[in-house]
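Coordinate analysis (summary)
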Amino acid sequence: QVQLVESGGGLVQAGGSLRLSCAASGSIFSINGMAWYRQTPGKQRELVARFTSGGSTNYADSVKGRFTISGDSAKNTVYLQMNSLKPGDTGIYYCNFRTYLYKAYDYWGQGTQVTVSS
């Protein structure tokens, strides 16, 4: 059974940095993309950063220039380097692996809390 295990969340002051990691505990085939989403109370879950098997990346406007997504699909691992953190970045961060073998299927991490104090 495949599970995505996240780590690296925590409490930091505004302006600080965190590095999130997410690794699959089992084999995942036909990975098409890796991404990070976040959920903030009172808001819908939003895409933070994503990259595809083709090597392209995209970021939410609110994190451009501050966050960097990277990973290794061969090792089923994705990272999110978060710099210059703001209180508005506070939320639960979920990693996502998307596969596509005849149809799309999403794997999700359990979520890791990121709290940025002012």
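Residues numbered from 1 in each chain as written. Predicted model: local features only at pLDDT ≥ 70, side-chain atom pairs only at ≥ 80, totals over all residues. Heavy atoms only, no water.

1. A few points about the nonpolar core
In terms of nonpolar packing, the biggest core is built from 26 residues, with Trp-36, Val-78, Leu-80, Met-82, Tyr-93 and Phe-97 touching the most fellow members. Of all the secondary structure elements, the ones that give two or more residues to this core are β3 (18–24), β4 (31–39), β5 (46–52), β7 (67–72), β8 (77–82), β9 (91–100) and β11 (112–117). When residues in this core are grouped by element, the largest group, 4 residues, is from β3. (Core = buried A, V, L, I, M, F, W, Y, C linked by side-chain atoms within 4.5 Å. Buried < 20%, exposed > 50% of the residue type's maximum accessible area, 1.4 Å probe, protein only. Helix = DSSP H or I, 4+ residues; strand = E, 2+ residues; numbered from the N terminus.)

2. Concerning the packing of aromatic side chains
In the structure shown here, the tally under the stated rule is 2 aromatic pairs. Their ring planes at 70° and their centres at 4.9 Å tell us that Tyr-105 and Tyr-107 sit as a pair that is edge-to-face. When the ring centre of Tyr-79 is taken as reference, the NZ or CZ atom of Arg-19 above it lies at 4.5 Å. A cation sits over an aromatic face here: Arg-45 above Tyr-94, 4.1 Å from the ring centre. (Phe/Tyr/Trp six-rings, centres within 6.5 Å; stacked < 30°, edge-to-face > 60°. Lys NZ or Arg CZ within 6 Å of the ring centre and 35° of its normal.)

3. Regarding the pattern of salt bridges
Counting across every chain of the model gives 5 salt bridges. A salt bridge links Arg-66 to Asp-89, with the shortest nitrogen-to-oxygen separation between them at 2.8 Å. Of the two residues, Arg-66 sits in the loop between β6 (57–59) and β7 while Asp-89 sits in the loop between β8 and β9, which places them 23 residues apart along the sequence. In this pair, the class of Arg-66 matches that of Asp-89, namely buried. Linking Arg-98 and Asp-106 is a salt bridge whose minimum nitrogen-to-oxygen distance equals 2.7 Å. In this structure Arg-98 comes out as partly exposed when scored by relative accessible area, which is 39%. According to the relative accessible area criterion, Asp-106 is partly exposed, its value standing at 26%. Here the salt bridges share partners, and the residues they tie into one network are Arg-38, Glu-46, Arg-66 and Asp-89. (Salt bridge = Lys/Arg side-chain N within 4 Å of Asp/Glu carboxyl O.)

4. Observations concerning the sheet that holds strand β1 (residues 4–7)
The strand order across the open sheet built from 4 strands is β1-β3-β8-β7, with neighbouring strands paired in antiparallel fashion. For this open sheet the edge positions go to β1 and β7, each flanked by a neighbour on one side alone. Taking the axes of each pair of neighbouring strands and ignoring which way they run, one obtains an average angle of 15° across the sheet. In this structure, β7 lies alongside β8, joined through 6 bridges in antiparallel fashion. Bridge pairing links Gly-71 to Val-78 in β8. (Pairing = 2+ DSSP bridges. Axes fitted to C-alpha atoms, helices over the stretch in contact; angles between N-to-C directions.)

5. Observations regarding unusual backbone geometry
Its identity as a non-glycine residue notwithstanding, Ser-30 has a phi of 60°, on the positive side. Take Ser-30: it is sitting in the loop between β3 and β4. Judged by its relative accessible area of 34%, Ser-30 falls in the partly exposed class. Its identity as a non-glycine residue notwithstanding, Tyr-102 has a phi of 80°, on the positive side.

Coordinates in, geometry out; function isn't part of it.
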